[in-house]
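Chain by chain, the residues:
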Amino acid sequence: VEGKAKISVMDTVTDVSTNVVRQSDGTLALRQYKVGDFAQGGIVFWVDESGEHGLVCDTADASAGITWRNGVDKLTNASGDGVKAGIMNTMLIIAQQSSDTFPASFAALSCADLVRGDYGDWYLPSKVELDKMYGSKTIIDSTALSVGGSAFVSNNYWSSTESNTFDAHAQFFGDGFQGTGKKDLVFPIRAIRAF
């Protein structure tokens, strides 16, 4: 459909997408998101140039402290780093680490198992996604606290980006420093999802 359409009544069948909004003049438009919005199951911390798609993080940590690995140091090939790279990293980590016979949970699995706000497609952020989250930390904390969530702690947070067999990337949420840590260290995690 080209141009604008005026809608006088919108029924529940028509209103199936949270991304479509009715404007005051009755026309439909795609919703524009901004950093700090409480939407799409979490808190928006990055949006693309269209304002229609982006990334949200959960309102609280998925774990206050968990290891990156599941008992065994191994290369998972989760080396992706960029926006939405955490999706593939999380799948690769789970595929490699789930074959271990250890019953413990680990960072990527804890994020993937999360169901929040009717969404079940959460994942462990890549190094770049984690840094974008840190860049919006103040507004994320403010929104999280206003909706009953919690602020980030001043600690290292795991990313899904692997460095080598024994180390993975993490970011300190006290000052933003990114580095690596041994995969058996216990750090908090904050799950994210793309929309």
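These notes cover the structure that comes with them. Computed from a predicted model, the values in this text were never measured in an experiment.

This brings us to the overall build of the chain. Looking only at helices and strands, the chain features four helices and eleven strands. Here the chain holds 195 residues, and 43% of them are scored as buried. The long-range fraction of contacts in the chain, counting pairs at least 24 apart against all pairs at least 6 apart in sequence, stands at 59%.

This part covers unusual backbone geometry. Although it is not a glycine, Gln 40 sits at a positive phi angle of roughly 55°. Mapped onto the elements of the fold, Gln 40 is located in the loop between strand E3 (38-39) and strand E4 (42-47). A residue is classified by how much of its surface remains accessible, and Gln 40, at 10% relative accessible area, is buried.

All of the buried residues in helix H4 (residues 137-146) are Ile 140, Asp 141, Thr 143 and Ala 144. Buried-residue contacts for H4 involve E3, E4, strand E5 (54-57) and helix H3 (127-135). Where H4 ends, the next residue or the one after it, Gly 148, has phi of about 90°, a positive value.

This part covers the pattern of salt bridges. Under the definition given, this model contains ten salt bridges. Ionic pairing is found between Asp 73 and Arg 69, a salt bridge with its closest N-O pair at 3.0 Å. A salt bridge links Asp 184 to Arg 69; its shortest N-O distance comes to 3.7 Å. Note that Asp 184 is positioned in the loop between strand E9 (178-182) and strand E10 (187-189) and Arg 69 in the loop between strand E6 (63-66) and helix H1 (85-97), a separation of 115 residues in sequence. Connected via shared salt-bridge partners are Arg 69, Asp 73 and Asp 184.

All right, on to the packing of aromatic side chains then. In this structure the tally under the stated criterion is six aromatic pairs. On the numbers, 5.4 Å between centres and 80° between planes, the contact of Phe 152 with Tyr 157 is edge-to-face. For the residue pair Phe 152 and Tyr 157, the accessibility class agrees, reading buried in each case. Each residue in the set Tyr 134, Phe 152, Tyr 157 and Phe 173 is aromatic and connected to the rest through ring pairs, giving one cluster. Over the face of the ring belonging to Phe 152 we find Arg 190, whose NZ or CZ atom lies 4.0 Å from the ring centre.

So, about a nonpolar patch on the surface. A cluster of nonpolar side chains, contributed by Val 20, Leu 28 and Leu 30, occupies part of the molecular surface with about 220 Å² of accessible area. Relative to the elements of secondary structure, Leu 28 occurs in strand E2 (residues 28-30).

What counts and what doesn't
Residue indices begin from 1 for each chain and proceed along its sequence in written order. Restriction of local features to residues with pLDDT of at least 70 applies here, the model being predicted, together with a cutoff of 80 or more for giving and counting side-chain atom pairs; totals for whole chains, interfaces and linings are based on all residues. Side-chain numbers here rest on the full set of heavy atoms in the structure, without hydrogens or water. Strands are runs of DSSP state E lasting at least 2 residues, helices are runs of H or I lasting at least 4, and numbering of each runs from the N terminus. Exposure categories follow from relative accessible area, calculated using a 1.4 Å probe and restricted to protein chains: below 20% of the type maximum is buried, above 50% is exposed, and the middle band is partly exposed. Contacts: residue pairs with any heavy atoms within 4.5 Å of one another. By salt bridge we mean one thing: a side-chain nitrogen of Lys or Arg within 4 Å of a carboxyl oxygen of Asp or Glu. Whether two aromatic rings pair depends on their centres lying within 6.5 Å, for rings of Phe, Tyr and Trp, where Trp uses its six-membered ring; planes under 30 degrees apart make the pair stacked, over 60 edge-to-face, and the rest tilted. Geometrically, a charge over a ring is one whose NZ (Lys) or CZ (Arg) sits within 6 Å of the ring centre while staying within 35 degrees of the ring normal. Like charges within 9 Å and nonpolar side chains (Val, Leu, Ile, Met, Phe, Trp, Tyr) within 5 Å are joined into patches, using only residues over 30% in relative accessible area that form no salt bridge. We get accessible surface area from the Shrake-Rupley algorithm with a probe of 1.4 Å; when it comes to residues, only the shown protein chains can shield them.

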